[in-house]
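Descriptive analysis of the structure
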Amino acid sequence: MTQHFFDHSLATLSYYKFGKGEQKMLCFHGYGMHGRQFRVLEELLGSKFTFYGFDLFFHEATKLKNHTLEVVKKGLSKQELAGLIMDFCRHERIDRFSVIGYSMGSHYATTVVEELPQLVDEYIVVAPSSLNPGRMVRFLSKNKLGNGLLEKLVLSKKALIRLLKVCQALRVVDRSGYEILYKEIATAELRFNFYACFTYLRFLETNESRLLEVLQEKKIRSVFIFGKRDLMYPPTIGNKFISQLQHAEVLVLDENHEMVNRNFAQALSKTLSEIRA
């Protein structure tokens, strides 16, 4: 695995390359993770794919060219993200690709499919919050009152911890989700990043009719992966949307929210090795 940087007008994008396969896969990690998260796939799928794992905005080495509060509040449009991905693909000479996104990363992966469907072979989402991010996330990211409250909360570590405990008590997050989030509010910089992820990415909301249209029109293979014990994004959140797809593949693993592990890699490898009917 090697780390690289792509200099773009929007950001300096940090990413990792691993695997040696002819097919390309763009990887979008979960909140609090990094571009190395999907390296667990290399052993079983590295001969089929070359993976490009991005450090997403406000994570590790990827840096916006302008990360002021004003820019964060303005937000990232779907078209801006698609433009970044197109320029990245030209830089790496990638003609076609698959996408995989976990939790927060599913919003990135879904946006790429909505905006660039002509380039996508496979759409894989894991714990896909993009299908239903939940009332709390919508309130804190898109509601003016909720986002203003979040902005004030990031100034206080104690207040954010209390908010997380309330979310756990209401079963908005499970224990593993709580622990992931708790680690991400330890410093003022991390608390700002917490706020920025909610705010900057708020426009990456799934357009279900558009997604349904392009998946079927372009015959993009679609794989949805859930954890049976995931309280944050349980399998039921996909029922309505997935039932409208003709050839969707659904995997329900005996996992909680933190499921990107060897069991996950084995299940996905087995699925991708099977030829679709």
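Preceding block: the structure.
Residues numbered from 1 in each chain as written. Predicted model: local features only at pLDDT ≥ 70, side-chain atom pairs only at ≥ 80, totals over all residues. Heavy atoms only, no water.

Side note on the overall build of the protein
As a reminder, the rule being used: What counts as a helix is a DSSP run of H or I of at least four residues, what counts as a strand is a run of E of at least two, and both are numbered from the N terminus. Partly exposed residues are those whose accessible area sits between 20% and 50% of the maximum for their type, while under 20% is buried and over 50% is exposed, using a 1.4 Å probe and protein chains only. We call two residues in contact whenever any of their non-hydrogen atoms come within 4.5 Å of each other. For the accessible areas, the method is Shrake-Rupley and the probe is 1.4 Å, while residue cover comes only from the protein chains on display. The convention is simple: Lys and Arg are positive, Asp and Glu are negative, and His and the chain ends are not counted. By convention, charge coordinates are those of NZ in Lys, CZ in Arg, CG in Asp, or CD in Glu.
Within the protein, the regular secondary structure consists of twelve helices and nine strands. Referenced to the eigenvectors of the C-alpha coordinate spread, the extents of the protein come out at roughly 50 × 40 × 35 Å. Classification of the 277 residues of the protein by burial places 55% in the buried group. Here the contacts in the protein between residues at least 6 apart in sequence split such that 76% fall between residues at least 24 apart. Carbon and sulfur atoms provide 52% of the accessible area of the protein, an area that totals close to 13000 Å². Of the side chains in the protein, 38 bear a positive and 30 a negative charge, and the two mean positions are spaced by 5 Å.

Looking at the layout of surface pockets
Convention followed: In the cavity and pocket records, a cavity denotes points on a 1 Å grid over the protein atoms alone where a 1.4 Å probe fits but cannot get out, a pocket denotes an open set with protein on both sides within 12 Å along at least 5 of 7 lines, and lining residues are residues with an atom within 4 Å of a point. Grid points are joined across faces, edges and corners, and a volume is the space filled by probe spheres set on the points.
Here the largest pocket is characterised by a volume of approximately 950 Å³. Ser129, Pro133, Val137, Phe198 and Tyr233 are, among the 41 residues lining the largest pocket, the residues nearest its centre. Of all the secondary-structure elements, those providing two or more residues to the lining of the largest pocket are α4 (104–115), α5 (135–141), α7 (157–169), α8 (175–183) and α9 (188–200). In terms of residue count, α5 provides more of the lining of the largest pocket than any other element does, six residues in total.

Some points on the environment of Tyr200
Looking at the element boundaries, Tyr200 is found in helix α9. Tyr200 sits 131 residues away from Leu69 along the chain, and the two C-alpha atoms are 9.6 Å apart. Tyr200 has contacts with Leu10, Phe57, Phe58, Leu64, Val71, Val72, Gly75 and Leu76, leaving out every residue within four places of it along the chain.

Remarks on unusual backbone geometry
Among all residues save glycine, negative phi is the norm, and among peptide bonds the norm is trans. In this structure, Phe58 is a non-glycine residue whose phi angle is positive, near 70 degrees. Topologically, Phe58 is positioned in the loop between β4 (49–54) and β5 (63–64).

A short note on the nonpolar core
Spelled out, the test is: For our purposes a nonpolar core is just a set of buried Ala, Val, Leu, Ile, Met, Phe, Trp, Tyr and Cys residues, chained together by side-chain atoms within 4.5 Å.
Counting 71 residues, the largest nonpolar core has Leu26, Phe28, Phe57, Ile85, Phe88 and Phe97 as its most contacted members. Setting aside residues no more than four positions away along its own chain, Phe88 makes contact with Phe6, Leu13, Tyr15, Leu26, Tyr52, Phe54 and Ile94. Phe51, Leu251, Leu253 and Met259 belong to the second largest nonpolar core, which has 25 residues in total.

A short note on the pairing of strand β6 (residues 97–102)
Side chains on a regular strand alternate between the two faces of the sheet. What counts is decided by this rule: Any two strands with at least two DSSP bridges between them are considered paired. For crossovers, right-handed means that the path from the first strand over the helix to the second runs clockwise, given strands pointing away from the viewer.
Here β6 lies mainly inside the structure; six of its six residues are buried. Alternating residues of β6 divide into Phe97, Val99 and Gly101 and Ser98, Ile100 and Tyr102, and every residue in both groups is buried. Summarising the sheet, strand β3 (residues 23–28) and β6 pair through four bridges and their orientation is parallel. Its bridge partner lying in β6, Leu26 is registered against Val99. Examined bridge by bridge, β6 and strand β7 (residues 120–126) share five bridges and lie parallel to one another. Note on β7: the bridge partner recorded for Phe97 is Val120. Considered for its hand, the β-α-β crossover made up of β6, α4 and β7 is right-handed.

Describing α4
Side chains of residues three or four places apart in an α-helix project in the same direction, reflecting 3.6 residues per turn. Which entries qualify depends on this criterion: Residue count minus one, scaled by 1.5 Å, sets the expected span of a helix.
Look at α4: 18 Å from first C-alpha to last across twelve residues, which is about the 16 Å you get at 1.5 Å a residue. With eleven of twelve residues buried, α4 is to be regarded as a mostly interior element. Along α4, the residues classified as buried are Met104, Gly105, Ser106, His107, Tyr108, Ala109, Thr110, Thr111, Val112, Val113 and Glu114. The inward-facing, buried residues of α4 abut β3, α3 (78–92), β6, β7, α9 and α10 (208–217).

A short note on the pairing of β3
With six bridges joining them, β3 and β4 adopt parallel strand pairing. Following the sheet pairing, Lys24 is matched in β4 by Thr50.

Observations regarding α3
Spelled out, the test is: To obtain the arc, one takes the directions from the helix axis to the C-beta atoms.
Over its 15 residues, α3 runs 21 Å from end to end, which matches the ideal 21 Å to within 8%, given 1.5 Å per residue. Listing the buried residues of α3 in full gives Lys78, Leu81, Ala82, Leu84, Ile85, Phe88, Cys89 and Glu92. For α3, the arc enclosing every buried residue in end-on projection is 160 degrees, short of the 170-degree limit, so these residues lie on one face. Turned more than 90 degrees from where α3 packs its buried face, Gln79 and Arg90 sit exposed. Buried residues along α3 sit against β1 (2–7), β2 (11–18), β3, β4, β6 and α4. Directly beyond the C-terminal end of α3, a positive phi value near 60 degrees is found at Arg93.

Quick notes on empty space enclosed by the protein
Gaps left between atoms are located by rolling a probe of water-molecule size over the structure's atoms. We count it as follows: Residue polarity follows a fixed list, in which Ala, Val, Leu, Ile, Met, Phe, Trp, Tyr, Cys and Pro are nonpolar, Asp, Glu, Lys and Arg are charged, and the others, Gly among them, are polar.
Tallied over the entire structure, the rule returns one cavity of 30 Å³ or more. The computed volume of the largest cavity comes to approximately 50 Å³. Lining the largest cavity, in full, are Leu13, Phe28, Phe54, Leu56, Phe57, Leu81, Leu84, Ile85 and Tyr108. Among the elements that make up the lining of the largest cavity, the one with the highest residue count is α3 (three residues). A per-class count over the lining of the largest cavity returns nine nonpolar, no polar and no charged.

On their own, these measurements won't tell you what the molecule is for.
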